[in-house]
2 protein chains.
Amino acid sequence: MNIDANHCSVEDALGILVGKWKPIILLHLMEKGTVRFSDLKRSIPGITQKMLTKHLRELESEEIIDRVVYPEVPPRVEYSISEYGRTLEDLLHAMHEWGQAHTKRKQQKLQENLKT
Amino acid sequence: MNIDANHCSVEDALGILVGKWKPIILLHLMEKGTVRFSDLKRSIPGITQKMLTKHLRELESEEIIDRVVYPEVPPRVEYSISEYGRTLEDLLHAMHEWGQAHTKRKQQKLQENLKT
DNA sequence: CTGCATCCGATTAGATACTG
DNA sequence: CAGTATCTAATCGGATGCAG
């Protein structure tokens, strides 16, 4: 893990994942397989159409997800994790594990402080 | 890896790492051990005092790094990765690996496109 | 149903000057 | 040397209206 102040590879990975709803979008797609736009929107309370579209476009442009448009009326668009996108699964899983442990630890510290 | 739309653990981990200079700060501390403020600043071209201070404070408040102030004149403050912070090393390493592979892949795709 | 455009507020980061 | 305060620019995200 060499350090290059001009360019850090960690940030390349971070760049894909950063965005208010990106992790949750990826987790949904990884869990459910192929999901259409409206289902995704329904599954993520609080997200706006604009942000869902924006994040999906970004993930698509990085080839993390596949986007298939069915020329029907009304339109149907289905999203899924691409084969390449699956290479992110281990990383997301590791982040999930660490994050969960971190939150747990924080709450324990909080409990300790309340006792005193 | 369960999905909770109201709270995603991946974002807890992300929250620690996100910030324009945070990954590079962590990598420097992980590589060099104990480093004083001015050395850190010198090692990271482009960072301002304000941002370095801000990010260090945030990492400190999450107990990822230790901060030791020596009451001397001129002042000396040394930063290092905390014992708890070391639990992030594997994750950062994994992100580095993925990011590096991702950038490599992107550049290969670019080369292919130039040939056509 | 899916998606774009526009406007606006909030957050983030950079520049600069100042302090013990 | 290490840190704070202030001002400004850029980016991000939310709300809303419109379109194929």
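Residues numbered from 1 in each chain as written. Chains lettered and ligands numbered in written order. Predicted model: local features only at pLDDT ≥ 70, side-chain atom pairs only at ≥ 80, totals over all residues. Heavy atoms only, no water.

By the naming in an unreviewed UniProt entry, chain A is Transcriptional regulator, taken from Oceanobacillus kimchii.

Enquirer: Before we go on, may I ask you to explain the pattern of salt bridges in this structure?
Expert: Two side chains with opposite charge may pair up if their charged atoms get near one another. All names here are of chain A. What the rule picks out here adds up to 18 salt bridges over all chains. The closest approach of N and O atoms between glutamate 78 and arginine 76, which form a salt bridge, is 3.0 Å. Looking at glutamate 78, the relative accessible area reads 18%, which means it is buried. The network of salt bridges with common partners includes Lys22, Lys54 and Glu58. (Salt bridge = Lys/Arg side-chain N within 4 Å of Asp/Glu carboxyl O. Buried < 20%, exposed > 50% of the residue type's maximum accessible area, 1.4 Å probe, protein only.)

Enquirer: Hey, could you run me through the sheet that holds strand S2 (residues 65-70) of chain B in this one?
Expert: Within a sheet, each strand pairs with its neighbour through backbone hydrogen bonds, oriented either parallel or antiparallel. Residues and elements named next belong to chain B. On the basis of which strands lie adjacent, the open sheet formed by three strands has the order S1-S3-S2 and antiparallel pairing. Both outer strands of the open sheet, strand S1 (35-36) and S2, are each paired with one neighbouring strand and no more. Two elements, S1 and strand S3 (residues 76-81), share two bridges in a ladder whose sense is antiparallel. Each residue of the ladder has a partner; that of valine 35, found in S3, is tyrosine 79. In this fold helix H2 (residues 22-32) packs onto S1, S2 and S3, with an angle of close to 90° to the strand it touches most, S3. Sitting on the sheet, helix H4 (residues 49-61) is in contact with S2 and S3, with an inclination near 115° to S2. (Pairing = 2+ DSSP bridges. Helix = DSSP H or I, 4+ residues; strand = E, 2+ residues; numbered from the N terminus. Contact = heavy atoms within 4.5 Å. Axes fitted to C-alpha atoms, helices over the stretch in contact; angles between N-to-C directions.)

Enquirer: In this structure, what is going on with the sheet that holds strand S3 (residues 76-81) of chain A? I would like to understand it.
Expert: Residues and elements named next belong to chain A. Here we have three strands laid out as an open sheet, ordered S1-S3-S2, and antiparallel in their pairing. With one partner strand each, in any of the chains shown, strand S1 (35-36) and strand S2 (65-70) form the two edges of the open sheet. With respect to the sheet, helix H4 (residues 49-61) is in contact with S2 and S3, its orientation differing from that of S2 by roughly 115°.

Enquirer: Explain the protein's contact with DNA strand C to me, please; I cannot follow it from the model alone.
Expert: With respect to spatial proximity, 21 residues lie near DNA strand C, and among them Ser38, Gln49 and Arg67 of chain A together with Lys20 and Lys50 of chain B are the closest. Close to the protein, within 4 Å, the atoms of DNA strand C belong to sugar or phosphate groups at a rate of 70%. The side chain of glutamine 49 of chain A places a nitrogen or oxygen atom 3.3 Å from a base nitrogen of DNA strand C. The side chain of lysine 20 of chain B places a nitrogen or oxygen atom 2.3 Å from a phosphate oxygen of DNA strand C. Grouping the amino acids of the surface near DNA strand C by side-chain chemistry returns eight nonpolar, six polar and seven charged. (Near = heavy atom within 4 Å. Polar contact = N/O pair within 3.5 Å; in protein donor to acceptor, adjacent residues only side chain to side chain. Nonpolar A, V, L, I, M, F, W, Y, C, P; charged D, E, K, R; others polar.)

Enquirer: I'm lost on the protein's contact with DNA strand D in this one. Help?
Expert: Taken together, 22 residues sit near DNA strand D, with Lys20 and Lys50 of chain A together with Ser38, Gln49 and Arg67 of chain B positioned nearest. Here, DNA strand D places atoms within 4 Å of the protein, and 67% of those atoms are sugar or phosphate. In this structure, a phosphate oxygen belonging to DNA strand D sits 2.6 Å away from a main-chain N or O atom of serine 38 of chain B. Between DNA strand D and the protein, one listed contact pairs a phosphate oxygen with a side-chain N or O atom of arginine 57 of chain B at 3.5 Å. Counting only elements with at least two residues in the surface near DNA strand D, the list comes to H4 of chain A together with helix H3 (37-43), H4 and S3 of chain B.

Enquirer: Just checking my understanding: could you explain the UniProt feature "domain: HTH hxlR-type" (unreviewed entry) in chain A for this structure?
Expert: UniProt tags residues 8-107 of chain A as "domain: HTH hxlR-type" (unreviewed entry). Structurally, residues 8-107 of chain A comprises 59% helix and 14% strand, and the distance from its first C-alpha atom to its last is 32 Å. (UniProt positions renumbered as here; feature names shortened; annotations may be inferred.)

Enquirer: Would you mind going over the interface of chain A and chain B with me for this structure?
Expert: Often the size quoted for an interface is simply the accessible area lost on bringing the parts together. Taken together, the contact pairs 44 residues of chain A with 44 residues of chain B. Of the roughly 4300 Å² buried between chain A and chain B, counting both surfaces, carbon and sulfur atoms make up 69%. Here lysine 109 of chain B and glutamate 63 of chain A are joined by a salt bridge, their closest N and O atoms 3.4 Å apart. The interface formed by chain A and chain B holds 14 residue pairs in polar contact (both at pLDDT 80 or more) in total. Those elements giving two or more residues to the side of chain A that touches chain B turn out to be helix H1 (9-17), helix H2 (22-32) and helix H5 (89-115) of chain A. Per element, the largest residue contribution to the side of chain A that touches chain B is 15 residues, and it comes from H5 of chain A. Residues that form the side of chain A that touches chain B fall into these classes: 22 nonpolar, 11 polar and 11 charged. (Buried area = accessible area lost by both parts, 1.4 Å probe.)

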